[in-house]
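Coordinates in review
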Number of protein chains: 2
Amino acid sequence: MMELTRKGEYAIRGIVYLAGKPLDKVCLLSDIAAAVDVPPTFLAKIFQQFSKIGLVRSFRGTGGGFMLGRAPENITLLEVVEAVEGPIIPNRCVCAPQDCDRSSFCNVHPIWKQVQEQVCGVLTGVTLKDLSDGKIKPQPTDLAK
Amino acid sequence: MMELTRKGEYAIRGIVYLAGKPLDKVCLLSDIAAAVDVPPTFLAKIFQQFSKIGLVRSFRGTGGGFMLGRAPENITLLEVVEAVEGPIIPNRCVCAPQDCDRSSFCNVHPIWKQVQEQVCGVLTGVTLKDLSDGKIKPQPTDLAK
DNA sequence: CCTAAAAGGATACATAATGTCTTTTTAGGG
DNA sequence: CCCTAAAAAGACATTATGTATCCTTTTAGG
Ligand code: SF4
Ligand code: SF4
């Protein structure tokens, strides 16, 4: 449960690599794939998805390639993950309570909502800039003392 | 990503049902399955797993069935989930950093560790008693203001 | 020894993950 | 205008996982 797929992992590697380059630098897919050690054909599919929603911009033909669609400090890890993995849904009832007859009286239901919020919270708190800089936000170290 | 499987969902339903019964009451698998609307054969497999690790106790033969292995206030949701889904691992590097060449310098790595802690934190904070009672812990409502 | 019930094992089917391959579109440059 | 570089699009192949069912074996009561 809860496991990021290869696709998600590769997606992050690829776009973090881009985030480490100057914003206007156009990078070849094949170069990115080699740098982050991902099968190029697979990464191509991933970047196509990114491109569709504007996370990266693509240029075709000679001299083409990819660059970030926005400044890396304005792209959160959550966006990247959800772009390729879909929304973070610990249990189907979180986004479709009507699918479960028991949701009206179920005590577990709110727990999954809570889990979702926590996970999204962590991933929203990290930007591509943080990741490429190596300057990870000081974690709250939330010890409910 | 992050989605509980049917197995996990059914497991929770089943054991929460048990938690709502007197501790010494032996329940028939078929009754449990019917009550929580889960395929009986599937629930059987799940309860076998529970039984092996002592989360529930089983009795064979005539008059047999299942009961909780411990008091419901001493069983956390995390235990139940991990019993059937395995450990909560947002990314493989969380439990096997040696599998990834990049883990030594990777900035994403600690994020997954953080996610894991948050999720486990939420699930550890809920017991079967809470779930069967309907008395869900007052959530921290962690608004980092 | 007969019956109830769980345990264990094998199997079937569907879906999702993980890639690869081929063809098409777009763009630059001589 | 053509040639080449590069991404986009779509089809396909393979494997792993999820979701379940069935059958046989073990255990226990009466
Ligand atoms: S039983 Fe509760 S937790 Fe499970 S799917 Fe339905 S609402 Fe969600
Ligand atoms: S690249 Fe980083 S996040 Fe991805 S698997 Fe390796 S250590 Fe983990």
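Everything numeric here is computed off the predicted structure, so don't read it as measured data.

Rules used throughout
Residues numbered from 1 in each chain as written. Chains lettered and ligands numbered in written order. Predicted model: local features only at pLDDT ≥ 70, side-chain atom pairs only at ≥ 80, totals over all residues. Heavy atoms only, no water. Phe/Tyr/Trp six-rings, centres within 6.5 Å; stacked < 30°, edge-to-face > 60°. Helix = DSSP H or I, 4+ residues; strand = E, 2+ residues; numbered from the N terminus. Buried < 20%, exposed > 50% of the residue type's maximum accessible area, 1.4 Å probe, protein only. Near = heavy atom within 4 Å. Polar contact = N/O pair within 3.5 Å; in protein donor to acceptor, adjacent residues only side chain to side chain. Nonpolar A, V, L, I, M, F, W, Y, C, P; charged D, E, K, R; others polar. Least-squares fit on C-alpha atoms with pLDDT ≥ 70 in both. Pairing = 2+ DSSP bridges. Contact = heavy atoms within 4.5 Å. Expected span 1.5 Å × (residues − 1).

Turning next to the packing of aromatic side chains. Under the defined criterion, the tally for this structure stands at 6 aromatic pairs over all chains. Taking the centre distance of 5.5 Å and the plane angle of 65° together, the rings of Phe47(A) and Phe50(A) count as edge-to-face. With Phe47(A) and Phe50(A) both in helix α3 (residues 40-52) and 3 residues apart, the pair spans about one turn of that helix. Here Phe47(A) matches Phe50(A) in class, with each residue buried. For the ring pair Tyr10(B) and Phe42(B), a centre distance of 5.6 Å and an interplane angle of 90° mean the geometry is edge-to-face. Of the two residues, Tyr10(B) is situated in helix α1 (residues 6-19) and Phe42(B) in helix α3 (residues 40-52); the sequence distance between them amounts to 32 residues. On the accessibility criterion, Phe42(B) (30% relative accessible area) is partly exposed.

Let's shift gears to the protein's contact with DNA strand D. In the vicinity of DNA strand D lie 25 residues, with Lys45(A), Ser58(A), Arg60(A), Arg6(B) and Arg60(B) positioned nearest. At 2.7 Å from a base oxygen of DNA strand D is found a side-chain nitrogen or oxygen belonging to Lys45(A). A distance of 2.7 Å is found between a phosphate oxygen of DNA strand D and a side-chain nitrogen or oxygen belonging to Ser58(A). Sorting the residues of the surface near DNA strand D by element identifies α3, β1 (56-59) and β2 (65-68) of chain A together with α1 and α3 of chain B as the ones contributing at least two each. Sorting elements by how many residues they give to the surface near DNA strand D places α3(A) first, with 4 residues. Taken together, the residues that form the surface near DNA strand D break down as 7 nonpolar, 11 polar and 7 charged.

Before going further, it helps to spend a moment on the site of ligand 2. All residues in the neighbourhood of ligand 2 are listed as Glu9(A), Arg13(A), Asn91(B), Cys93(B), Cys100(B), Arg102(B), Ser103(B), Cys106(B), Val108(B), His109(B) and Trp112(B). Bordering ligand 2 are residues originating from chains A and B. Elements with a contribution of two residues or more to the shell around ligand 2: α1 (6-19) of chain A together with α5 (109-124) of chain B. Looking at the shell around ligand 2 residue by residue, the classes come out as 5 nonpolar, 3 polar and 3 charged.

This paragraph deals with the relation of the copies chain B and chain A. Aligned on chain A, chain B shows an RMSD of 0.0 Å; the corresponding rotation is 180° and the shift along the axis is 0.0 Å. Those values place the two copies in the arrangement expected of a two-fold rotation axis. For chain B, the smallest separation between a C-alpha atom and the rotation axis is recorded for Met2(B), amounting to 1.7 Å.

What follows covers the site of ligand 1. Asn91(A), Cys93(A), Cys100(A), Arg102(A), Ser103(A), Cys106(A), Val108(A), His109(A), Trp112(A), Glu9(B) and Arg13(B) make up every residue found near ligand 1. Mapping the residues adjacent to ligand 1 onto the chains of the assembly identifies chains A and B. Contributing elements (two or more residues each) for the shell around ligand 1: α5 (109-124) of chain A together with α1 of chain B. A class-by-class count of the residues in the shell around ligand 1 yields 5 nonpolar, 3 polar and 3 charged.

Below, the discussion takes up the pairing of β1(A). Residue and element names in this part refer to chain A. For β1 and β2, the ladder comprises 4 bridges, and the chain directions are antiparallel. Of the residues in β2, the one forming a bridge with Phe 59 is Gly 65. Adjacent in sequence and paired antiparallel, β1 and β2 are bridged by 5 residues, among which Gly 61 carries a positive phi angle near 75°.

So, about the environment of Arg70(B). All names here are of chain B. Position of Arg 70 among the secondary structure elements: in the loop between β2 (65-68) and α4 (77-85). For Arg 70, a relative accessible area of 30% corresponds to the partly exposed category. Along the sequence, Arg 70 and Arg 57 sit 13 residues apart, while their C-alpha atoms lie 8.8 Å from each other. Apart from the residues within four sequence positions on either side, Arg 70 is in contact with Leu 23, Leu 55, Ile 75 and Glu 79. Within the local environment of Arg 70, its side chain forms a polar contact with the backbone oxygen of Asn 74, the two atoms lying 3.0 Å apart. In this structure the side chain of Arg 70 is engaged in a polar contact, spanning 2.7 Å, whose partner is the side chain of Glu 79.

Take α1(B) next. A rise of 1.5 Å per residue sets the reference length of α1(B), with its 14 residues, at 20 Å; its end C-alpha atoms lie 20 Å apart and thus fit the reference within 8%. Those residues of α1(B) not exposed but buried are Gly8(B), Glu9(B), Tyr10(B), Ala11(B), Ile12(B), Arg13(B), Gly14(B), Ile15(B), Val16(B), Leu18(B) and Ala19(B).

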